[in-house]
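# Summary of structural features
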Amino acid sequence: MAINGWLSFLVMKKKKWNLDGADWNIKYWHDLRKEPRSFFSSQSGGGSVMAWAAFDFNGQVRWAFLDGRQNSPKYIETLENHLMPFAENIGGRNREYQHDNAPTHTSSAAKNYLNSKNATVLEWPSISPDLNPIENVWGIMSRKGFENGGQFYSVNALKTSIEIAWYNLEPEILQTLIMSI
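Looking at an unreviewed UniProt entry, one finds the chain named Transposable element Tc3 transposase, with Araneus ventricosus as its source organism.

Here it is in structure tokens:
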């Protein structure tokens, strides 16, 4: 579907968020004129949250927190409960869906499900760099959620921070990322 001359893509992906900081938070920069901040480090990671999200030019889906190891049936359930209602609400026909080549995405069950919904999936080369625009969104959200080296002491606090960052994304950022495809 064309939007202002652009083909409409819906990008989706899951992300793991850790209580003790963003993945890139191993080192940090600080102003030498100020006291350095101290951070705690949890044994075995201390806890994490797995979440799934998707967006297109017109907005983003309702956030989904995932439980346990993901497989094809769980992925299909996520698509059914989160992606399809979103796509139907915004006119989900003639849209190209983009996800990577994770085994849960490329399983015959997932392919059959997407085919049954008349969903066209953008071809994605094997062993390719992850160029999904949602990676930029994860970075924006991580910088907001873990601002100033922030860390979380509970999974619920981390979930709340993630949701706040997700629902406060500026539509222009998402539109620019979609147009970059």
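Structure shown, so let's carry the discussion forward.
## Section: the nonpolar core
Ranked by internal contacts, the top residues of the largest apolar core, which has 24 residues, are Trp 17, Phe 55, Trp 63, Val 137, Met 141, Leu 158 and Trp 166. Taken together, the elements giving at least two residues each to this core come down to strand S3 (9-18), strand S4 (48-56), helix H4 (134-145), helix H5 (155-167) and helix H6 (171-179). Here this core gets five residues from one element, more than from any other, and that element is H4. If you look at the next biggest cluster of nonpolar residues, it comprises 18 residues, including Val 61, Tyr 75, Leu 79 and Met 84.

## Some remarks on the packing of aromatic side chains
One pass over the structure, following the stated rule, counts four aromatic pairs. An aromatic cluster is built from Trp 63, Phe 65, Trp 138 and Trp 166, whose rings are joined through pairwise contacts. One Lys or Arg, Lys 159, reaches over the ring of Phe 65 and ends 5.1 Å from the middle of that ring.

## Section: helix H1 (residues 72-89)
A rise of 1.5 Å per residue sets the reference length of H1, with its 18 residues, at 26 Å; its end C-alpha atoms lie 24 Å apart and thus fit the reference within 8%. In the structure, H1 departs most strongly from a straight axis at Glu 80, where the bend amounts to approximately 35°. Capping the start of H1 is the job of one residue whose side-chain oxygen sits 2.9 Å from the backbone nitrogen of Lys 74: Asn 71.

## Brief notes about the packing of H1 against helix H3 (residues 108-116)
A packed helix pair is summarised by two numbers, namely the angle formed by the two axes and the spacing between the axes. Their axes nearest at 9 Å, the elements H1 and H3 cross at an angle of 25°. Relative to H3, H1 is oriented roughly parallel. Relative to H3, the crossing made by H1 is right-handed. Contacts between H1 and H3 involve Ser 72, Tyr 75, Ile 76, Leu 79, Glu 80 and Met 84 on the former and, on the latter, Ala 109, Ala 110, Tyr 113 and Leu 114. Grouping the amino acids of the contact of H1 with H3 by side-chain chemistry returns eight nonpolar, one polar and one charged.

Conventions used here
Sequence order sets the numbering: in each chain, residues are counted from 1 along the sequence as written. Only residues with pLDDT of 70 or above have their local features reported here, since the model is predicted, and side-chain atom pairs are shown and tallied only from 80 upward, although totals for entire chains, interfaces and linings are computed over all residues. Hydrogens and waters are ignored; side-chain quantities use all the structure's heavy atoms. Joining through side-chain atoms within 4.5 Å is the link that ties buried Ala, Val, Leu, Ile, Met, Phe, Trp, Tyr and Cys residues into a set, and such a set is a nonpolar core. Buried residues are those whose accessible area, probed at 1.4 Å on protein chains only, stays under 20% of the maximum for their type, while exposed residues exceed 50% and partly exposed ones sit between those limits. Helix and strand definitions follow DSSP, with helices as H or I runs of at least four residues and strands as E runs of at least two, each counted in order from the N terminus. Aromatic pairs are defined between Phe, Tyr and Trp rings, using the six-membered ring for Trp, whenever the two ring centres lie within 6.5 Å; interplanar angles under 30 degrees are classed as stacked, those over 60 as edge-to-face, and all others as tilted. Distance and angle both matter: a charge sits over a ring if NZ of Lys or CZ of Arg is within 6 Å of the ring centre and within 35 degrees of the ring normal. Take the residue count of a helix, subtract one, and multiply by 1.5 Å to get its expected span. Across the chain, bend at a residue is computed as the angle between axes fitted to the seven residues ending at that point and the seven starting from it. Any pair of N or O atoms that falls within 3.5 Å is considered a polar contact. Within protein, one atom must be able to donate a hydrogen and the other to accept it, and sequence-neighbouring residues count only if both atoms are side-chain atoms. Orientation is described by lines fitted to C-alpha atoms, with helices fitted over the stretch in contact, and by angles between N-to-C directions that extend from 0 to 180 degrees. For classification, angles of less than 35 degrees are called roughly parallel, those exceeding 145 degrees roughly antiparallel, those between 65 and 115 degrees roughly perpendicular, and all remaining angles oblique. By definition, turning the near helix anticlockwise from the far helix through less than a right angle yields a left-handed crossing, and turning it clockwise yields a right-handed one. We call two residues in contact whenever any of their non-hydrogen atoms come within 4.5 Å of each other. The classification used treats Ala, Val, Leu, Ile, Met, Phe, Trp, Tyr, Cys and Pro as nonpolar, Asp, Glu, Lys and Arg as charged, and all other residues, Gly among them, as polar.

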